[in-house]
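Chain residues, written in single-letter form:
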Amino acid sequence: MQGWRISMEDAHAAVLDLQAEDADKEFTAASVEDRLSFFGVYDGHGGDKVALFAGENIHKILAKQEAFKKKDFEQALKDGFLATDRAILNGEFVYAEKIAVAHCLGQIQSTRKKFRDALPLLA
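Residues numbered from 1 in each chain as written. Predicted model: local features only at pLDDT ≥ 70, side-chain atom pairs only at ≥ 80, totals over all residues. Heavy atoms only, no water.

1. A word on the overall build of the protein
Regarding its fold elements, the protein presents four helices and two strands. Helices and strands in the protein line up, N terminus first, as β-β-α-α-α-α. A burial count over the protein gives 35% of its 123 residues as buried. Carbon together with sulfur atoms contributes 56% to the accessible area of the protein, which is approximately 8500 Å² in total. (Helix = DSSP H or I, 4+ residues; strand = E, 2+ residues; numbered from the N terminus. Buried < 20%, exposed > 50% of the residue type's maximum accessible area, 1.4 Å probe, protein only. Areas by Shrake-Rupley, 256 points an atom, 1.4 Å probe, with all protein chains shown as cover.)

In structure tokens, the structure reads:
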């Protein structure tokens, strides 16, 4: 363990059946062949706020992207991370620490790079 923390600063998301949001349609589980799962682990380096926001929202933001609805998952990941950046910059995620925005953007940039590096593995 590197550096002791009084509380856990990491967050995660495990969504076994991620589907595009459709307000007109009731949720129905996808068939096993069509099911798309989403797993994310978010490191809270300097605090838990960014990690918690990511764990609760990135998969939801991703599922709202037009590219996701078209099953263009590579573009949906890119668009989803940019939409998350915008949500943070537009104040949808605010907390009191003055370095929050800079730290938050650094976290997302780092995570985005990791996904970008992993995308060829998904193809």
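Now that the structure has been shown, the text picks up again.
2. Points about unusual backbone geometry
With a phi angle near 65°, Lys71 is a residue other than glycine that sits in the positive phi range. If you trace the backbone, Lys71 turns up in the loop between helix H2 (66-69) and helix H3 (73-89).

3. Digging into the pairing of strand E2 (residues 38-42)
Burial along E2 is one-sided: the face carrying Phe38, Gly40 and Tyr42 is buried and the face carrying Phe39 and Val41 is not. Looking at chain direction, strand E1 (residues 11-15) and E2 are connected through five bridges and run antiparallel. Bridged to Ala11 within E2 is Tyr42. (Pairing = 2+ DSSP bridges.)

4. Notes on H3
Under the 1.5 Å per step criterion, the end-to-end length of H3 is 24 Å for 17 residues, consistent within 8% with the ideal 24 Å. All of the buried residues along H3 are Ala76, Leu77, Gly80, Phe81, Ala83, Thr84, Asp85, Ala87 and Ile88. (Expected span 1.5 Å × (residues − 1).)

5. Things to note about the packing of aromatic side chains
Enumeration over the complete set of coordinates arrives at one aromatic pair. Ring centres 5.4 Å apart and planes at 65° place the aromatic pair Phe68 and Phe73 in the edge-to-face group. Phe68 gets classed as buried once you look at its relative accessible area, which sits at 6%. (Phe/Tyr/Trp six-rings, centres within 6.5 Å; stacked < 30°, edge-to-face > 60°.)

6. A short note on the nonpolar core
Ranked by size, the top nonpolar core spans 16 residues in total, and within it Leu18, Phe38, Tyr42, Ile58, Leu62, Phe68 and Ala76 carry the most contacts. Breaking this core down by element, the ones donating at least two residues are E1, E2, helix H1 (48-63), H2 and H3. Per element, the largest residue contribution to this core is five residues, and it comes from H1. (Core = buried A, V, L, I, M, F, W, Y, C linked by side-chain atoms within 4.5 Å.)

7. A few points about the packing of H1 against H3
Here H1 crosses H3 at 130°, and the two axes come no closer than 9 Å. When the axes of H1 and H3 are compared, the pair comes out oblique. As H1 runs across H3, the sense of the crossing is right-handed. In this structure, H1 uses Phe53, Ile58, Ile61 and Leu62 to contact H3, whose residues at the interface are Ala76, Leu77, Gly80, Phe81, Ala83, Thr84, Ala87 and Ile88. (Axes fitted to C-alpha atoms, helices over the stretch in contact; angles between N-to-C directions. Parallel < 35°, antiparallel > 145°, perpendicular 65-115°, else oblique. Left-handed = near helix turned anticlockwise from the far one by under 90°. Contact = heavy atoms within 4.5 Å.)

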